[in-house]
Amino acid sequence: MTQTKPHIPIALVGGGLTTQVMALTLMHSGFEFIWFSGPPSRQPAAADTRTTTIHHAGRVMLETLALWSALPEPAYPITEIAVAGQQAQTRYRKKYISWPLRWQHGHSPMAYVVSNQALKTACDELITSNLSADRISAVKIEQLQAGQPNILQDSEQNLWSCDLVIGCDGANSQLRKQAGLRAFDQSRQETALVTTVTTEKPIGTTAYQRFLPSGPLALMPTAAKSASVVWSLPAAKASALNQLDNAAFSAAVTTAFGPDLGRLSQDTPCLSWPLKPTYCPKISTAGFVLAGDAAHALHPLAGMGFNLALSDCAVLLDCLQAAAGAGLTAGHASVTTAYQARRKPEILALTSATQGLNRLLTRPQDPLYQLACVGMSVLGQLPARRLLSELAMGGQLSSAPLFDGHLRAPAG
Ligand SMILES: Cc1cc2nc3c(=O)[nH]c(=O)nc-3n(C[C@H](O)[C@H](O)[C@H](O)COP(=O)(O)OP(=O)(O)OC[C@H]3O[C@@H](n4cnc5c(N)ncnc54)[C@H](O)[C@@H]3O)c2cc1C
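Cut-offs used in this document
Residues numbered from 1 in each chain as written. Predicted model: local features only at pLDDT ≥ 70, side-chain atom pairs only at ≥ 80, totals over all residues. Heavy atoms only, no water. Helix = DSSP H or I, 4+ residues; strand = E, 2+ residues; numbered from the N terminus. Buried < 20%, exposed > 50% of the residue type's maximum accessible area, 1.4 Å probe, protein only. Contact = heavy atoms within 4.5 Å. Areas by Shrake-Rupley, 256 points an atom, 1.4 Å probe, with all protein chains shown as cover. Axes fitted to C-alpha atoms, helices over the stretch in contact; angles between N-to-C directions. Parallel < 35°, antiparallel > 145°, perpendicular 65-115°, else oblique. Left-handed = near helix turned anticlockwise from the far one by under 90°. Nonpolar A, V, L, I, M, F, W, Y, C, P; charged D, E, K, R; others polar. Pairing = 2+ DSSP bridges. Core = buried A, V, L, I, M, F, W, Y, C linked by side-chain atoms within 4.5 Å. Near = heavy atom within 4 Å. Polar contact = N/O pair within 3.5 Å; in protein donor to acceptor, adjacent residues only side chain to side chain. Phe/Tyr/Trp six-rings, centres within 6.5 Å; stacked < 30°, edge-to-face > 60°. Lys, Arg positive; Asp, Glu negative; His and termini not counted. Salt bridge = Lys/Arg side-chain N within 4 Å of Asp/Glu carboxyl O. Expected span 1.5 Å × (residues − 1).

**Quick look at the overall build of the protein chain**
Thinking step 1. Scanning the protein chain for helices and strands turns up ten helices and 25 strands.
Thinking step 2. The burial tally for the protein chain puts 50% of its 412 residues in the buried class.
Thinking step 3. Looking at the protein chain alone, contacts between residues at least 24 apart form 74% of all its contacts between residues at least 6 apart.
Thinking step 4. Total accessible area computed for the protein chain in this model is approximately 17800 Å², and 57% of it derives from carbon and sulfur atoms.

Set out below in structure tokens:
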């Protein structure tokens with residue numbers, strides 16, 4: 001039987017990393033909310049070998065939320081980024097092309113590699129020890145009737161009314177559809193294979209990205225001689241590579257990457273992620289906002305998807321605090337319109353950049369490809385490297401007090 005629950009100011013919906021960080025952000029700032037986390041994942045924690053690259057501004061934000069110091073294992077720094085196109089094929093053999101585009105930010109890390117599982121564990125511990133259990137509901141939201149107030153129906157037939165819904169329900173967001181917001185699917189039938197390798201020669205603290213004709217191959221350092229691999233490929237190729245045994249996969253990834261790090265030996269089985277980059281022109285409507293992959297699912301080539309989600313959390317908090325300071329509710333139009341306006345430039349810039357690079361640099365027969373390769377060498381020589389390093393550090397395309405380490409006193 002349907003049961004109507006008391007009105008709540010904010011409903012947070014989703015069970016991924018974005019929702020966890022959003023919950024921490026709201027919790028530290030004293031906003032009253034209920035988190036609808038969906039049923040717990042059935043995937044064993046050890047099976048998630050994914051890592052996330054968090055930029056410097058993201059690190060400052062996570063330190064401010066006390067999450068960085070709660071990580072069960074330390075994050076690994078990236079002090080240099082190296083990018084190259086495919087290896088050229090001469091008549092007799094592949095000719096190795098070095099890394100024409102490399103950049104650093106002095107000696108300080110631009111970003112950090114963190115295990116997804118470590119992030120989830122640290123978030124879980126902080127939230128469950130600080131948020132009362134009746135604020136977390138492990139049910140799915142089945143239906144949203146957006147408006148003022150919003151009406152939500154959960155999978156246990158409870159009806160909830162609230163001022164603001166924060167939808168963090170992932171790239172296939174149903175809440176987005178129910179709120180009437182459009183999403184443009186930009187997928188190219190690609191799959192990302194994720195695995196970890198031991199490198200024969202030290203990878204040190206350099207992150208590598210090689211644009212192959214079949215798709216980008218990224219190696220993120222996780223220790224002096226080990227790396228997390230994200231290899232994006234057409235779905236059929238990814239599936240064929242995924243069938244290979246350890247020795248054959250190691251040989252394939254070593255050939256694709258080139259000889260710089262010696263032999264790459266696969267350590268963990270490949271996980272495969274069908275890629276569904278999506279662009280949403282509008283990420284808010286009356287009383288409703290989207291955050292994380294529900295608002296912008298990026299191609300993983302730039303390792304920026306979660307970093308964008310961190311900006312969503314930081315900017316939304318700033319908008320909510322401005323409204324609370326003026327005595328307005330969380331669902332007030334000033335919150336949703338300011339959030340849309342402040343998030344749009346960064347989302348648009350990164351969606352265009354990742355989609356454009358993926359198309360351009362994985363089509364060697366395209367005349368623009370040669371131009372792009374020349375462009376990489378030129379960028380590698382110019383002060384533009386400084387700009388690239390600043391972009392990699394984060395906090396340039398969006399700003400909020402949390403990125404500078406400031407957390408205002410709790411609302412109310
Ligand atoms: C291969 C790969 C590598 C990546 N590497 C990086 C990187 O290095 N750096 C980086 O910044 N980003 C990276 N990303 C992107 C990053 O992983 C994602 O942006 C991030 O995990 C998205 O989290 P999310 O919580 O928004 O979405 P999701 O993880 O998709 O979570 C959505 C959650 O909502 C729940 N849910 C759905 N519907 C409902 C409902 N109706 N009610 C309640 N709950 C619901 C789902 O069960 C799920 O738990 C990578 C992505 C991929 C695929």
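**Observations concerning the packing of helix 1 (residues 17-28) against helix 7 (residues 305-325)**
Thinking step 1. Relative orientation of the contacting elements helix 1 and helix 7 amounts to 30 degrees, with a least axis distance of 10 Å. Here helix 1 lies roughly parallel to helix 7, going by the angle between them. Every pair of crossing elements has a handedness; the one defined by helix 1 and helix 7 is right-handed. Residues Leu17, Thr18, Val21, Met22, Thr25 and Leu26 of helix 1 pack against Phe306, Ala309, Leu310, Cys313, Leu316, Leu317 and Leu320 of helix 7.
Thinking step 2. When the residues that make up the contact of helix 1 with helix 7 are grouped by side-chain class, the tally is eleven nonpolar, two polar and no charged.

**Re the sheet that holds strand 22 (residues 278-279)**
Two orientations exist for strands paired in a sheet by backbone hydrogen bonds: parallel and antiparallel.
Thinking step 1. With antiparallel pairing, three strands are arranged side by side in an open sheet as 15-22-25. Every other strand in the sheet has two partners, leaving strand 15 (184-185) and strand 25 (296-297) as the edge strands with one partner each.
Thinking step 2. Relative to strand 22, strand 15 runs antiparallel, the two sharing two bridges. In the strand pairing of strand 22, phenylalanine 184 is matched with tyrosine 279.

**Structural notes on the nonpolar core**
Thinking step 1. Membership of the largest hydrophobic core comes to 78 residues, with the highest contact counts inside it found for Val21, Phe36 and Ile166.
Thinking step 2. With twelve residues, the top contributor of residues to this core is helix 7.
Thinking step 3. Those residues in contact with isoleucine 166, other than ones at most four positions away along the chain, are Ile10, Ala11, Leu12, Val13, Met22, Leu26, Val289, Ala291 and Leu316.
Thinking step 4. The next biggest cluster of nonpolar side chains, apart from the first, holds 23 residues, and it includes Ala82, Ala84, Trp99 and Tyr208.

**Observations regarding the site of the ligand**
Thinking step 1. In the vicinity of the ligand there are 28 residues, among which Thr18, Thr53, Ile141, Asp293 and Phe306 approach most closely.
Thinking step 2. One of the side-chain nitrogen or oxygen atoms of threonine 18 is found 2.7 Å away from an oxygen atom of the ligand.
Thinking step 3. Contact between the ligand and asparagine 307: an oxygen atom at 3.0 Å from a main-chain N or O atom of the residue.
Thinking step 4. In the complex, the protein chains occlude 81% of the 1000 Å² of accessible area that the ligand would expose alone.
Thinking step 5. For the shell around the ligand, the secondary structure elements donating two or more residues are helix 1, strand 4 (51-55), strand 16 (190-199) and helix 7.
Thinking step 6. A per-class count over the shell around the ligand returns eleven nonpolar, 13 polar and four charged.

**Considering the packing of aromatic side chains**
Thinking step 1. Overall, the coordinates contain six aromatic pairs when judged by the stated rule.
Thinking step 2. When the ring of tryptophan 68 is compared with that of tyrosine 112, the centres are 5.4 Å apart and the planes differ by 75 degrees; the resulting orientation is edge-to-face. Of this pair, tryptophan 68 sits in the loop between helix 2 (56-64) and strand 5 (76-78) while tyrosine 112 is found in strand 10 (residues 111-115), placing the two residues 44 residues apart along the sequence. The same class applies to tryptophan 68 as to tyrosine 112, namely buried.
Thinking step 3. The interplanar angle of 90 degrees and the centroid separation of 5.4 Å between the aromatic rings of tyrosine 208 and phenylalanine 257 together place this pair among those described as edge-to-face. Taken together, the positions of tyrosine 208 in strand 17 (residues 206-212) and phenylalanine 257 in helix 6 (residues 246-257) put the pair 49 residues apart, joining distant regions of the chain.
Thinking step 4. Of the residues examined, tyrosine 208 reaches a relative accessible area of 8% and is grouped as buried.
Thinking step 5. Judged by relative accessible area, phenylalanine 257 falls into the buried class, the value being 0%.
Thinking step 6. Three or more aromatic residues link up through ring pairs in this structure, and these residues are Trp99, Tyr208 and Phe257.

**Side note on the side chain of arginine 210**
Thinking step 1. Among the secondary structure elements, arginine 210 is positioned in strand 17.
Thinking step 2. Buried arginine 210, no salt bridge; nearest opposite-charge side chain is aspartate 260, N-O distance 5.4 Å.
Thinking step 3. Among the polar contacts made by the side chain of arginine 210, one reaches the main-chain carbonyl oxygen of phenylalanine 257 at a distance of 2.8 Å.

**Quick look at the packing of helix 1 against helix 3 (residues 116-130)**
Thinking step 1. Two elements in contact, helix 1 and helix 3, have axes whose closest approach is 10 Å; the angle formed by their N-to-C orientations is 35 degrees. Relative to helix 3, helix 1 is oriented so that their crossing is left-handed. For the pair helix 1 and helix 3, the contacting residues are Leu17, Gln20, Val21, Ala23, Leu24 and Met27 in the first and Asn116, Leu119, Lys120, Cys123, Asp124, Leu126, Ile127 and Asn130 in the second.
Thinking step 2. Partitioning the contact of helix 1 with helix 3 into residue classes produces nine nonpolar, three polar and two charged.

**Topic: helix 1**
Thinking step 1. Given a rise of 1.5 Å per residue, twelve residues ought to cover 16 Å, and the 17 Å separating the end C-alpha atoms of helix 1 matches this to within 8%.
Thinking step 2. Counting buried residues in helix 1 gives eleven out of twelve residues, a clear majority hidden from the surface.
Thinking step 3. Inspection of helix 1 places Leu17, Thr18, Thr19, Gln20, Val21, Met22, Ala23, Leu24, Thr25, Leu26 and Met27 among the buried residues, and these make up the whole buried set.
Thinking step 4. Glycine 30 sits one or two residues past helix 1 and shows a positive phi near 80 degrees.

**Quick notes on the pattern of salt bridges**
It is possible for side chains bearing opposite charge to pair when their charged atoms get close.
Thinking step 1. Summed over the entire model, instances satisfying the criterion amount to eight salt bridges.
Thinking step 2. With a closest N to O distance of 3.6 Å, glutamate 32 and arginine 135 form a salt bridge. Pair noted here: glutamate 32 is in the loop between helix 1 and strand 3 (33-36) and arginine 135 is in the loop between helix 3 and strand 11 (136-137), with a separation of 103 residues, a long-range link.
Thinking step 3. Exposure remark for glutamate 32: the relative accessible area of 45% places this residue in the partly exposed category.

By themselves, these are just geometric observations and shouldn't be taken as functional.
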